[in-house]
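Remarks on the overall topology
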Amino acid sequence: MLNIALFGPPGAGKGTQAKRLLKKYDLTYISTGDMLREEIAEGTKLGFQAKSVIEKGGLVSDEIIVRLIEKRIVENTNPKGILFDGFPRTTVQAYILDGLLLRIQTSLTCMISLEVPRKELVSRMIERSKISGRSDDSADVIQFRLKEYDNKTKPVANFYKAKGKYIPIKGTGPIKEIFSTINTVIQQTLRKKWINVVLYGPPGSGKGTQALKLAKKYNLVYISTGKMLRQEVKDNTEMGKKVAATMARGEIVPDEIAITLIERVIQENPDTKGFIFKGFPKTIVQAYILDGLLLKLNQSVSIAIGIELSTLECFKRLSSRGKTLNSRPYDASMELIINRLDEFIDHTKAVGEYYEKKRTFISIEGNGSEDEIFDRLTETIDNALLKTR
Ligand code: AP5
Ligand code: MG
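Residues numbered from 1 in each chain as written. Chains lettered and ligands numbered in written order. Predicted model: local features only at pLDDT ≥ 70, side-chain atom pairs only at ≥ 80, totals over all residues. Heavy atoms only, no water.

Let's talk about the overall build of the protein chain
Within the protein chain, the regular secondary structure consists of 17 helices and 10 strands. Seen through its C-alpha atoms, the protein chain measures out along the principal axes to roughly 85 × 40 × 35 Å. Burial status across the protein chain gives 48% buried among its 389 residues. Accessible surface for the protein chain amounts to roughly 19,500 Å². Of this, 53% is attributable to carbon and sulfur atoms. Considering the protein chain, the positive charge centre built from 61 side chains and the negative charge centre built from 47 side chains are found 5 Å apart. (Helix = DSSP H or I, 4+ residues; strand = E, 2+ residues; numbered from the N terminus. Buried < 20%, exposed > 50% of the residue type's maximum accessible area, 1.4 Å probe, protein only. Areas by Shrake-Rupley, 256 points an atom, 1.4 Å probe, with all protein chains shown as cover. Lys, Arg positive; Asp, Glu negative; His and termini not counted. Charge placed at Lys NZ, Arg CZ, Asp CG, Glu CD.)

Some details on the nonpolar core
Counting 32 residues, the largest nonpolar core has V198, L229, F275, L290 and Y355 as the members making the most contacts within it. At the level of secondary structure, the elements contributing two or more residues to this core comprise strand 6 (195-200), strand 7 (221-224), helix 11 (225-234), helix 12 (238-248), helix 13 (255-268), strand 8 (274-278), helix 14 (284-295) and helix 16 (334-357). Each residue touching V198, except ones within four places of it in the same chain, is listed here: F277, F280, P281, L290, V301, I303, A304, I305 and Y355. (Core = buried A, V, L, I, M, F, W, Y, C linked by side-chain atoms within 4.5 Å. Contact = heavy atoms within 4.5 Å.)

A short note on the packing of helix 11 against helix 13
Look at helix 11 against helix 13: their axes get within 10 Å of each other, and the N-to-C directions meet at 100°. Here helix 13 runs roughly perpendicular to helix 11, going by the angle between their axes. Contact residues: helix 11 offers T225, M228, L229 and E232, while helix 13 offers I257, L261, I262, R264 and V265. Classifying every residue of the contact of helix 11 with helix 13 gives six nonpolar, one polar and two charged. (Axes fitted to C-alpha atoms, helices over the stretch in contact; angles between N-to-C directions. Parallel < 35°, antiparallel > 145°, perpendicular 65-115°, else oblique. Nonpolar A, V, L, I, M, F, W, Y, C, P; charged D, E, K, R; others polar.)

Comments concerning the site of ligand 1
Around ligand 1, the structure places 30 residues, and the nearest of them are T16, G58, R89, R128 and R145. Here a nitrogen atom of ligand 1 sits 2.8 Å away from a polar atom, N or O, in the side chain of Q93. In the environment of ligand 1, an oxygen atom lies 2.5 Å from a nitrogen or oxygen atom belonging to the side chain of R145. A total of 1,000 Å² of accessible area belongs to ligand 1 in isolation, and the protein chains cover 87% of it. At four residues, the largest contribution of residues to the shell around ligand 1 is made by helix 2 (residues 32-42). Within the shell around ligand 1, the residues separate by chemical class into 11 nonpolar, 11 polar and eight charged. (Near = heavy atom within 4 Å. Polar contact = N/O pair within 3.5 Å; in protein donor to acceptor, adjacent residues only side chain to side chain.)

So, the domain arrangement of the protein chain
Partitioning the protein chain into domains gives domain 1 (2-191) and domain 2 (195-388). Measuring from the centre of the C-alpha atoms in domain 1 to the corresponding centre in domain 2 gives 41 Å. Facing the nine residues of domain 1 at the interface are eight residues of domain 2. Across the interface of domain 1 and domain 2, roughly 730 Å² is buried in total on both sides, 56% from carbon and sulfur atoms. Put simply, domain 1 and domain 2 have zero salt bridges between them. Here domain 1 is connected to domain 2 by zero residue pairs in polar contact (both at pLDDT 80 or more). Of the residues contributing to the side of domain 1 that touches domain 2, the split by class is three nonpolar, four polar and two charged. (Domains from an automatic or database assignment. Buried area = accessible area lost by both parts, 1.4 Å probe. Salt bridge = Lys/Arg side-chain N within 4 Å of Asp/Glu carboxyl O.)

Let's talk about the sheet that holds strand 3 (residues 82-85)
Reading across from one edge, 2-3-1-4-5 is the order of the five strands in this open sheet, with parallel pairing throughout. The sheet is open, and its two edges are formed by strand 2 (28-31) and strand 5 (166-170), each paired on a single side. Taken pair by pair, the neighbouring strands of this sheet meet at an average axis angle of 20°, ignoring direction. Pairing geometry for strand 1 (residues 4-7) and strand 3, over three bridges, is parallel. Note that in strand 3 the partner of L6 across the bridge is D85. (Pairing = 2+ DSSP bridges.)

A short note on the pattern of salt bridges
The tally for this structure, following the rule as stated, stands at 18 salt bridges. Two residues, E70 and R103, come together in a salt bridge whose shortest N-O distance is 3.4 Å. Of this pair, E70 sits in helix 4 (residues 62-74) while R103 sits in helix 5 (residues 91-103); the two residues are 33 residues apart in sequence, bridging distant segments of the chain. Looking at E70, the relative accessible area reads 33%, which means it is partly exposed. Given the relative accessible area of 52%, R103 is considered exposed. Residues R124 and E120 are paired through a salt bridge, measuring 3.1 Å at the closest nitrogen-oxygen approach. Placement of the pair is R124 and E120 together in helix 6 (residues 118-132), with a separation of four residues, close to one helical turn. When salt bridges that share partners are traced, they join R128, R134, D136, D137 and R145 into one network.

Things to note about the environment of L97
Along the chain, L97 turns up in helix 5. Assessed through its relative accessible area of 0%, L97 is described here as buried. Taking C-alpha positions, L97 is 24 Å from F48, a pair spaced 49 residues apart along the chain. Contacts of L97, omitting those with residues within four sequence positions, involve I73, F84, F87, P88, L108 and Y160.

Given below as structure tokens:
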């Protein structure tokens, strides 16, 4: 998700730029100022409480703001992201925003601050007052809004500076030019964002073959927990000794072990463009773990792709692989193959549902030639990336 907060003093042009950004990125718009004005116009209790504060140019209480936006954020169903205008406006609100975004397993991508000299702010708002009909666009109220900004809102910048998410830009000059600068910084920020693909499907669906090819095409680091575990067993490491028997039975290894391996690969590749996960997450617990691991790094799963293939077809593929040099120890007997297919149906199918709920899941047909499936996968990934970029 692309979650942007537009920041700056009253009159900086947040609303003006927000309109353009919404059109371009198709985001959900959350402007606390607009929402409060709507509440007042509709004569709600909340509007009544906020009215006198706004008329004086003060800040409405954090309590009212939470009540106003909580639902809008946690019930957001737009996977593209949210644009915040005029929020967060206090450090308390910044903490609240972090907490609310965490509830929908995301975080703020960046805060873009429009820098405009005081004199110009005032003249813009005086000019706007001729047409805006806003009760707070009068000379003395404007002065008070600016004072409130200095005292309560400006410190919010430090909160995001500390997270490396604060991007100040020049807010003067033609509106079009400012918009183009905003787009440049968004693109720069997105480039720092990893592309993380989860490739998911029953044993024998061709995940391994395709994941390697995808890693090469998109320049991603390939993470196969199965492959890493086999290596540990082969090298007879402490970990290898622990998991050898479990793996030989075709069962899932303990989560702590898979986590250790994934953390290790992530740490070894700090400059990567992203990862392709194959064979992980295998359970809902692991799906939560992966989200947690990525969130710590300000990253997330970009897309989870399920390769659909019938159990019978999987069985045929695995048993014929068992007769080749490429055979895995668990391809050797019918019983082991059935165990692994069962394991998929019992535990791993739920992973697809987990990503479906988060709207990051797309399934593709797993029948066809290797090249056909690869084309389906790249088309799916390209489309998903276009939407999120
Ligand atoms: P809110 O509605 O958020 O107002 P604000 O922050 O005071 O900001 P403005 O909407 O006045 O300015 P803007 O930056 O959007 O600029 P705009 O694009 O319009 O909040 C209102 C009140 O609600 C607050 O005072 C508070 O009481 C309460 N409130 C809201 N959120 C709250 C929260 N989270 N916590 C507590 N209280 C909250 O541009 C201004 C003018 O300049 C326009 O006329 C525009 O056409 C013009 N302009 C824009 N860009 C340029 C440019 N590049 N060159 C020349 N002119 C330009
Ligand atoms: Mg505004």
